[in-house]
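# Structural overview
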Amino acid sequence: MRKRTCCFTGHRELPPAFRQELAMKLEETIIGLIEQGVQFYGAGGARGFDALAAQTVLNLKNRYPHIKLILVLPCLTQTRGWPAGDVAEYERIKAQADKVVYTAQEYTRGCMFKRNRHLVDHSGVCVCYLTKKDGGTAYTVDYAEKQGLGIVNLAPIQIRAPTCKKINSGYNLGVR
């Protein structure tokens, strides 16, 4: 099952000038994974890259109805403090997801890390948008690499080369 599952991780803030190019790269990458038999796509429900990845999977379901979006959420109150528009998009995505998993009922200090580890532990490949050497995305990518996942970093600047360019676990995807 892990070989047929991809997880996403990335920053909450995406540069507006790069968003359209990132969306196209993300779609191309997911199509490539679909063509290699990846059917399940796990997203963490955060704003930014997580939302973009979930939206892309949902859009691709029209062409590839067999793919599934699984939201792995850290707690029931994840959206507390978010702007109303972001909450509405989160709820729209959640309503269309094929499965929703909560790793905790309430917010705790470690619930985001628990969510991220759950995503990685059930995946064979991690598609990310990583531009910083620290923070939750960097932690998740490091963890994914240690677990032997293929890593595809869609960021225009590869700050962690060569690890984020590495594709292992049998996936044949070029990083552009």
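Preceding this section is the structure that the text describes.
Here's a quick rundown of the structure. Treat the numbers as computed from the prediction; the structure is a model and nothing was measured. (Residues numbered from 1 in each chain as written. Predicted model: local features only at pLDDT ≥ 70, side-chain atom pairs only at ≥ 80, totals over all residues. Heavy atoms only, no water.)

The next subject is the sheet that holds strand β2 (residues 40–43). Read across the sheet, 6 strands follow the order β4-β3-β2-β1-β5-β6 without closing on themselves; strand pairing throughout is parallel. Of all the strands in the sheet, the pair left with one neighbour each is β4 (99–102) and β6 (150–153). Put simply, the sheet's adjacent strands are angled 20° from each other on average, direction ignored. Pairing of strand β3 (residues 68–73) with β4 involves 4 bridges; the strand directions are parallel. From the neighbouring strand, Leu-71 faces β4, where its bridge partner is Val-100. Contacting β1 (5–10), β2, β3 and β5 (125–129), helix α2 (residues 49–60) runs over the sheet at an angle of about 145° to β1. (Pairing = 2+ DSSP bridges. Helix = DSSP H or I, 4+ residues; strand = E, 2+ residues; numbered from the N terminus. Axes fitted to C-alpha atoms, helices over the stretch in contact; angles between N-to-C directions. Contact = heavy atoms within 4.5 Å.)

Here we take up the layout of surface pockets. The computed volume of the largest pocket comes to approximately 360 Å³. Along the wall of the largest pocket there are 21 residues; nearest its centre are Gly-10, His-11, Arg-12, Gly-136 and Thr-137. In terms of residue count, the dominant contributor to the lining of the largest pocket is helix α4 (residues 111–121) (5 residues). Tallied by class, the residues present in the lining of the largest pocket amount to 6 nonpolar, 8 polar and 7 charged. Counted as a void, the second largest pocket has a volume near 310 Å³. Only α2, β3 and α3 (84–96) provide two or more residues apiece to the lining of the second largest pocket. Here the lining of the second largest pocket is built from residues that sort into 9 nonpolar, 3 polar and 7 charged. (1 Å grid on protein atoms, 1.4 Å probe; cavity = no way out; pocket = protein on both sides within 12 Å on 5 of 7 lines; lining within 4 Å. Points joined across faces, edges and corners; volume = space filled by probe spheres on them. Nonpolar A, V, L, I, M, F, W, Y, C, P; charged D, E, K, R; others polar.)

This part is about the nonpolar core. If you look at the biggest cluster of nonpolar residues, it comprises 36 residues, and the most contacted ones within it are Phe-8, Leu-26, Tyr-41, Phe-49, Leu-69 and Val-127. Elements that contribute at least two residues to this core include exactly β1, α1 (19–35), β2, α2, β3, α3 and β5. Ranked by the residues each element gives to this core, the list is headed by α2, at 8 residues. In this view, Phe-8 contacts Leu-26, Ile-30, Tyr-41, Gly-42, Ala-43, Phe-49, Asp-50, Ala-53, Val-57, Leu-119 and Val-127; residues no more than four positions away in its chain are not counted. One finds Ile-70, Val-72, Val-101 and Val-141 within the second-largest nonpolar core, a separate group that totals 16 residues. (Core = buried A, V, L, I, M, F, W, Y, C linked by side-chain atoms within 4.5 Å. Buried < 20%, exposed > 50% of the residue type's maximum accessible area, 1.4 Å probe, protein only.)

Here we come to the pairing of β2. Across the two faces of β2 the burial is the same, with Phe-40 and Gly-42 and Tyr-41 and Ala-43 all buried. With respect to chirality, the unit in which β1 leads through α1 into the neighbouring parallel β2 is right-handed. As paired elements, β2 and β3 share 4 bridges and run parallel to each other. Among the inter-strand pairings, Gly-42 is bridged to a residue of β3, identified as Ile-70. Assessed by its sense of winding, the connection that carries the chain from β2 through α2 to β3 is right-handed. (Right-handed = clockwise from strand over helix to strand, strands pointing away.)

This part covers the packing of aromatic side chains. Applying the stated criterion across every chain yields a total of 7 aromatic pairs. Ring centres of Phe-8 and Tyr-41 lie 6.2 Å apart, and the angle between their planes is 20°; this geometry places the pair in the stacked category. Placement of the pair is Phe-8 in strand β1 and Tyr-41 in strand β2, with a sequence separation of 33 residues. The class for Phe-8 is buried, based on a relative accessible area of 1%. (Phe/Tyr/Trp six-rings, centres within 6.5 Å; stacked < 30°, edge-to-face > 60°.)

Honestly, it's all geometry; don't read function into it.
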